[in-house]
Amino acid sequence: MRISELASATGVAVPTIKYYLREGLLPEGERTSATQATYDDRHAQRLRVVRALIGSGVSVAETRKVIAALDDPPADAHDLLGAAHAAVTPVVEGERDLTAAEELVAHLGWRPGLCDETVLHAVATALDALTAVDFTVPDHVMPVYLSAMRDIARAEIEGVPTDSVESAVRYVVLGSVMVGPLLLALRRVAEQVASAERFGEAPG
């Protein structure tokens, strides 16, 4: 299909497709002339992935990392998860005290060398942000967070497909990136329901 047909099939405007091509997010089509190229279903599928990532707030640079993990995944399934997380976890420059973060994630079964350090830095950054505004997660709430995270993680990892490397890569990489906003939205719904249950429903 020509680029105009690719745009029609995916709902992505031609200028946006050309931008993604320039940024290396979408592979080049097969050249038919100096100014023309054809595209196939693989391009359409990749374009939908790129559009979904960027539409979910993932930056172009982060999307490029996700695409790289999809195109050239690590051989080990555990390393694949680390690559997926690294693609969307900001790199923290300089040294950071990870003591509090390590103490917290130890309740999740963490031990030295088990996780990519970027995710520990993300936990430490989040804890520092709470400290900066003088907010402490209540003692009865943090164990609930940890328990829920363990349950979610085990269910997700149990769901990793084993029929092919391609399906496993797609599940792990896209699941790691794309499900986060859904979890946050569901949490907000659940909080509003719990608030209504505790304090009474808002007037209709």
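Residues numbered from 1 in each chain as written. Predicted model: local features only at pLDDT ≥ 70, side-chain atom pairs only at ≥ 80, totals over all residues. Heavy atoms only, no water.

Observations regarding helix 3 (residues 41–55)
Line of reasoning, step 1. Helix length check: helix 3 (15 residues) gives 21 Å between terminal C-alpha atoms against 21 Å at 1.5 Å per residue, within 8%.
Line of reasoning, step 2. Among the residues making up helix 3, those that are buried are H43, A44, R46, L47, V49, V50 and L53.
Line of reasoning, step 3. One or two steps after helix 3, the chain reaches G57, where phi turns positive at roughly 100°. (Helix = DSSP H or I, 4+ residues; strand = E, 2+ residues; numbered from the N terminus. Expected span 1.5 Å × (residues − 1). Buried < 20%, exposed > 50% of the residue type's maximum accessible area, 1.4 Å probe, protein only.)

Here's the deal with the nonpolar core
Line of reasoning, step 1. Counting 28 residues, the largest nonpolar core has I17, L70 and V173 as the members making the most contacts within it.
Line of reasoning, step 2. Among the secondary structure elements, those contributing two or more residues to this core are helix 1 (3–10), helix 2 (14–22), helix 3, helix 4 (60–71), helix 5 (77–88) and helix 9 (165–199).
Line of reasoning, step 3. Beyond its immediate stretch of four places on either side in the chain, I17 contacts I3, L6, A7, V12, L26 and L47. (Core = buried A, V, L, I, M, F, W, Y, C linked by side-chain atoms within 4.5 Å. Contact = heavy atoms within 4.5 Å.)

Some details on the packing of aromatic side chains
Line of reasoning, step 1. In total, this model carries 1 aromatic pair according to the counting rule given.
Line of reasoning, step 2. For the pair Y19 and Y20, a centre-to-centre distance of 6.0 Å together with 50° between the ring planes defines the contact as tilted.
Line of reasoning, step 3. With a relative accessible area of 32%, Y19 lands in the partly exposed category. (Phe/Tyr/Trp six-rings, centres within 6.5 Å; stacked < 30°, edge-to-face > 60°.)

Re unusual backbone geometry
Line of reasoning, step 1. A positive phi angle is found at D134, which is not glycine, with a value near 60°.
Line of reasoning, step 2. Classification of D134 by relative accessible area gives exposed; the value is 72%.

Side note on the side chain of H43
Line of reasoning, step 1. Its place among the elements puts H43 in helix 3.
Line of reasoning, step 2. Classification of H43 by relative accessible area gives buried; the value is 6%.
Line of reasoning, step 3. From its side chain, H43 meets the backbone oxygen of P27 in a polar contact 3.3 Å long.
Line of reasoning, step 4. Within the local environment of H43, its side chain forms a polar contact with the side chain of D40, the two groups lying 3.0 Å apart.
Line of reasoning, step 5. With residues up to four places along the chain from it excluded, the contact list for H43 reads L6, L26, P27, E28 and G29. (Polar contact = N/O pair within 3.5 Å; in protein donor to acceptor, adjacent residues only side chain to side chain.)

Examining the side chain of T63
Line of reasoning, step 1. Residue placement: T63 occurs in helix 4.
Line of reasoning, step 2. Of the residues examined, T63 reaches a relative accessible area of 0% and is grouped as buried.

Observations regarding the pattern of salt bridges
When their charged atoms lie close together, side chains carrying opposite charge are able to pair.
Line of reasoning, step 1. Within this structure, the stated rule accounts for 6 salt bridges.
Line of reasoning, step 2. Residues D71 and R46 are paired through a salt bridge, measuring 2.8 Å at the closest nitrogen-oxygen approach. Remark: R46 occurs in helix 3 and D71 occurs in helix 4; sequence separation between them is 25 residues.
Line of reasoning, step 3. Given a relative accessible area of 17%, R46 falls into the buried group. (Salt bridge = Lys/Arg side-chain N within 4 Å of Asp/Glu carboxyl O.)

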